[in-house]
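Given next are the chains, with one letter for each unit.
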Amino acid sequence: MVRIGDDSSRIGSNQSGSSKAKLLLLACTAKRSLLAITILASLFFALHSDDNTNTTVTSDLKFSHAPASEGSDDQTADDRRHAQASAVSSARTSVSDSNDMLINDLISWLLSNGAFIDTRLSIQHIDPTDPSSVRGIFAAHGSFEKDEILISIPHDLVYDSVPRPVKKNANKVWRDTDEDHGDCGTTYEIHDAMQTGNTPYGRYLAHQPRRYVPGYWASEVSRNLLGTILGDHLAPRFSLKDRAQRDWIRYCDGATNDELEIHAAMLVTARADGRRMVPYYDMINHRNGYWYNAQHDGSVEDHFSLSTNRRVEKGEQFYLPYNTCTICGSRNDFWGTIEMFRDYGFVEPYPQRYVFESVRLKFALDEKKSIQQYNKPKNNADDNEYDGLVVKWYAPLSQEGLDFLITELGRLQKVGKTKEELKRNVDGEEHILESEWNASWMLHQAMVVAFRTALEQTPAVSGDVWKMEEDEWYKDRSGVEPPNRFY
């Protein structure tokens, strides 16, 4: 991996004036290279961060355990400057691609503007051997007890569509005062931030992957393939629509089909918390069940905060479910694996949940080892006691629900047998991205496994679910707290 500097190299402000001059000269020479400027700016900041300390370029991200603007009562002014400089300098990471530098800049910007990010946290690739794997937030440098604050981002660093009288975009005018259209205003805000590059968050968002949400796939062929897999009865059909046209051009009155505008609209769909785009927070990954270990916390005034909801061991990744969180509203009841794929572009890992309102069918499935061992390693590699999946039925199974499972499983299996033929047809029409092809078939496989497993573990069939009120049949009655521990 390319490093800013060897771990053994020290970068301190007590270096000679000639070294600083060389750095400035080099910066001028590299002015046409954005990456070079970013690297040099980071080094220059480290040189001037403190007059009495040397700081090390570390091999991973480490963040401040206290707000950068605060110190304990017994700290001197020098101590506080030293703590802030150390926090910022420890946010440096080994560089595997330009995104690492963008993350470093983002962290430095957040810390220097009053954000709190615990020093035990680290942004890492989920697969450390694969630099192309997605990143997550890890408890890399220590364990956490329940109810500890993880991050706290000041509201003035959050893009939240604060109403403005008029927002002009090309030849159209957007009045950002409609409560139902607040996410449109957020889209305009992050579009402007990406276009101008005037904040590290805007520059970071501009470099994120594009069009990975199915409704934003560029190829209509890809959406048609997904439609073949979903059939006529599996939600959500409207994921097949061109959401760039529906959500941005028509709903938000977007000015053009400019790719950066489409990117902004997709980011709000996939990464916003309601209408809020929150720096750093949007790097936390989704997972339910025992893995759910971070939640929203409203205890810090004028800040967007996360805290732990159980003890978290060193090395664990932090997860916050995108559909069953403490402020997720109706998503807690109706957003399942298929809806998650529609809105976020990935098939969620276990536990998974499936909700089909037309036949009042709702069930979840999880790995036995996650339920019984709470993600602890097996003591005996040959012991298969915890292998396999367990089904949880949220509502009594009706004959209509059973028939639905049987019919849809059969249809999905038939579609699977035509995979090679579909591939030939797709290749004959136009180019389809491999990522879109693979994502569609991952959803197909997930549904096949889920429906087959559900049919293997069916309870007694009854008509009880149809006797329940329309707003009651889907609710979790397990009494487990929190209810989504087993999703």
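Residues numbered from 1 in each chain as written. Predicted model: local features only at pLDDT ≥ 70, side-chain atom pairs only at ≥ 80, totals over all residues. Heavy atoms only, no water.

### Here's the deal with the nonpolar core
The biggest cluster of nonpolar side chains holds 61 residues, and the ones touching the most others in it are Leu110, Leu121, Ile151, Met277, Tyr280 and Phe318. Top contributing element to this core by residue count: helix α9 (residues 259-271), with eight residues. With residues near it in sequence (within four places) discarded, leucine 110 still touches Ala115, Ile117, Ile153, Leu157, Pro279 and Tyr280. Core analysis: the next-biggest nonpolar cluster, separate from the first, contains 41 residues, Trp217, Tyr350, Phe404 and Leu443 among them. (Core = buried A, V, L, I, M, F, W, Y, C linked by side-chain atoms within 4.5 Å. Buried < 20%, exposed > 50% of the residue type's maximum accessible area, 1.4 Å probe, protein only. Helix = DSSP H or I, 4+ residues; strand = E, 2+ residues; numbered from the N terminus. Contact = heavy atoms within 4.5 Å.)

### Quick word on the confidence of the model for the protein chain
Mean pLDDT for the protein chain: 76, with 68% of residues reaching 70 or above. Predicted confidence is poor over residues 1-96, with pLDDT under 50, and the contacts of this stretch with residues over four places away or in other chains come to 157 contacts. (pLDDT = per-residue confidence, 0-100.)

### What about the packing of aromatic side chains?
Applying the stated criterion across every chain yields a total of 18 aromatic pairs. Taking 6.3 Å as the distance between ring centres and 75° as the angle between the ring planes, the aromatic pair formed by tyrosine 322 and phenylalanine 346 counts as edge-to-face. Pair noted here: tyrosine 322 is in the loop between β10 (303-308) and α10 (331-334) and phenylalanine 346 is in the loop between α11 (337-344) and β11 (352-356), with a separation of 24 residues, a long-range link. Taking the relative accessible area as the measure of exposure, phenylalanine 346 reaches 26% and is therefore partly exposed. Across the ring face of tyrosine 290, the terminal group of arginine 310 is positioned such that the distance to the ring centre comes to 3.9 Å. The cationic tip of lysine 362 hangs over the ring face of tyrosine 394; the distance from NZ or CZ to the ring centre is 4.6 Å. (Phe/Tyr/Trp six-rings, centres within 6.5 Å; stacked < 30°, edge-to-face > 60°. Lys NZ or Arg CZ within 6 Å of the ring centre and 35° of its normal.)

### So, the sheet that holds strand β9 (residues 294-297)
Pairing is antiparallel across the open sheet formed by four strands, whose spatial order is β3-β6-β10-β9. What marks the edges here is a single partner per strand, and that holds for β3 (116-117) and β9. Pairing of strand β6 (residues 149-154) with β10, which is carried by five bridges, proceeds in the antiparallel orientation. Pairing of isoleucine 151 across the sheet is with leucine 306, part of β10. (Pairing = 2+ DSSP bridges.)

### What about the side chain of asparagine 323?
Here asparagine 323 is to be found in the loop between β10 and α10. Of note is the side chain of asparagine 323, whose polar atom sits 2.8 Å from the backbone oxygen of tryptophan 335. (Polar contact = N/O pair within 3.5 Å; in protein donor to acceptor, adjacent residues only side chain to side chain.)

### Examining empty space enclosed by the protein
This structure, assessed with the given rule, holds two cavities of 30 Å³ or more. Taken as a whole, the largest cavity holds about 40 Å³ of empty space. Taken together, Leu121, Ile137, Leu150, Ile151, Tyr280, Ile284, Leu306 and Phe318 form the lining of the largest cavity. Considered class by class, the residues forming the lining of the largest cavity number eight nonpolar, no polar and no charged. (1 Å grid on protein atoms, 1.4 Å probe; cavity = no way out; pocket = protein on both sides within 12 Å on 5 of 7 lines; lining within 4 Å. Points joined across faces, edges and corners; volume = space filled by probe spheres on them. Nonpolar A, V, L, I, M, F, W, Y, C, P; charged D, E, K, R; others polar.)

### Details of α11
Most of α11 sits out of view: eight of its eight residues are buried. Three or more residues of α11 are buried, namely Thr337, Ile338, Glu339, Met340, Phe341, Arg342, Asp343 and Tyr344. Tucked into the core, α11 has its buried residues touching α7 (220-230), α8 (243-251), α9, α10, β11 and α15 (434-456).

### Section: the pattern of salt bridges
Using the criterion set out here, one finds 16 salt bridges in the structure. A salt bridge links aspartate 147 to lysine 146, with the nearest nitrogen and oxygen atoms 3.5 Å apart. Linking glutamate 259 and arginine 211 is a salt bridge whose minimum nitrogen-to-oxygen distance equals 2.9 Å. Of this pair, glutamate 259 sits in helix α9 while arginine 211 sits in the loop between α6 (200-206) and α7; the two residues are 48 residues apart in sequence, bridging distant segments of the chain. Sharing partners across several salt bridges, the network here consists of Asp118, Arg120 and Glu148. (Salt bridge = Lys/Arg side-chain N within 4 Å of Asp/Glu carboxyl O.)

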